[in-house]
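So you can see what is in the structure, the chains are spelled out below.
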Amino acid sequence: MAKVHHCIPSSSSSCSTQRETYTIWMKSLVLNSNGYTVYDSNGEVVYRIDNYDSKCRSEVYLMDLRGNILCTILRKKLLRFGLWDCYNDKDSRIPWFKVGKAFGFFNNDSVYDILVGTNEAQNISSSNHRMEGSVHNLEFKIFDGEGQIMAVMQRKLSSSGVALGEDVLFVTIEPHVDHIFVMALVAILGLIRRKM
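Read on for an overview of the structure. Quick caveat, the model's predicted, so the values are computed rather than measured. (Residues numbered from 1 in each chain as written. Predicted model: local features only at pLDDT ≥ 70, side-chain atom pairs only at ≥ 80, totals over all residues. Heavy atoms only, no water.)

In this structure the tally under the stated criterion is one cavity of 30 Å³ or more. Its boundaries defined by the atoms lining it, the largest cavity holds a volume of some 50 Å³. The wall of the largest cavity is formed by Met131, Phe140, Ile142, Ala151, Val152, Met153, Val171, Val182, Leu185, Val186 and Leu189. Of all the secondary structure elements, the ones that give two or more residues to the lining of the largest cavity are strand E10 (139-143), strand E11 (149-155) and helix H1 (179-192). Broken down by element, the lining of the largest cavity gets its largest block of residues, four residues, from H1. A per-class count over the lining of the largest cavity returns eleven nonpolar, no polar and no charged. (1 Å grid on protein atoms, 1.4 Å probe; cavity = no way out; pocket = protein on both sides within 12 Å on 5 of 7 lines; lining within 4 Å. Points joined across faces, edges and corners; volume = space filled by probe spheres on them. Helix = DSSP H or I, 4+ residues; strand = E, 2+ residues; numbered from the N terminus. Nonpolar A, V, L, I, M, F, W, Y, C, P; charged D, E, K, R; others polar.)

This part is about the pairing of strand E12 (residues 168-173). Within E12, five of the six residues are buried, which leaves it mostly tucked inside the rest of the structure. Of the pairings in the sheet, the one linking strand E1 (residues 20-25) to E12 comprises six bridges and is antiparallel in character. Looking at E12, one finds that Trp25 is bridged to Val168. Relative to E12, E11 is paired through five bridges, and the arrangement is antiparallel. From the neighbouring strand, Val152 faces E12, where its bridge partner is Thr172. (Buried < 20%, exposed > 50% of the residue type's maximum accessible area, 1.4 Å probe, protein only. Pairing = 2+ DSSP bridges.)

As a further point, take the nonpolar core. Membership of the largest hydrophobic core comes to 44 residues, with the highest contact counts inside it found for Tyr36, Phe97 and Met183. For this core, the leading source of residues is H1, giving twelve residues. (Core = buried A, V, L, I, M, F, W, Y, C linked by side-chain atoms within 4.5 Å.)

Positioned with a positive phi, His176 is a non-glycine residue whose angle comes to about 65°. With relative accessibility at 29%, the residue His176 sits in the partly exposed group.

This is a description of form; function is not addressed.
Below, the structure written as structure tokens:
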């Protein structure tokens, strides 16, 4: 029986009842800018991040094609490890979700915890998710709190099996998963790897 993933609501929810695929080019369409551009399966630009100042800024914006801000990602410095907060409303004081390095004796270098629906005042988190993979290769799987795969990110291959470059990725998102949530996580991974 197929697992149904509940859509994690964002301010402009973008869930689908079918599996969706996207191509991500870890480059901005704006000259002399850092960021990434997301294309849907029809080759249309659907999401983008443009950093006009410098790489690895502490504040980036995930936007749609028209430049409407869908979410804001803020980097919090915590010793030598990063912690990222994502807000889906620019006026909100409570993050939509947080991403931080997973700690533990058996965790490898590329495991990140995702706390969704964080409410610091009441110390409540509605759900925990996880990202696992290779930061170096930008290949990750995103799991929900029950260990089910929500999305997979890997290098895009040509029809003959040749990698299209280290800055061209292929993302598969399972049904009923918010695409903005996944694209924000891809942005955070790009920031971790200092690709944006």
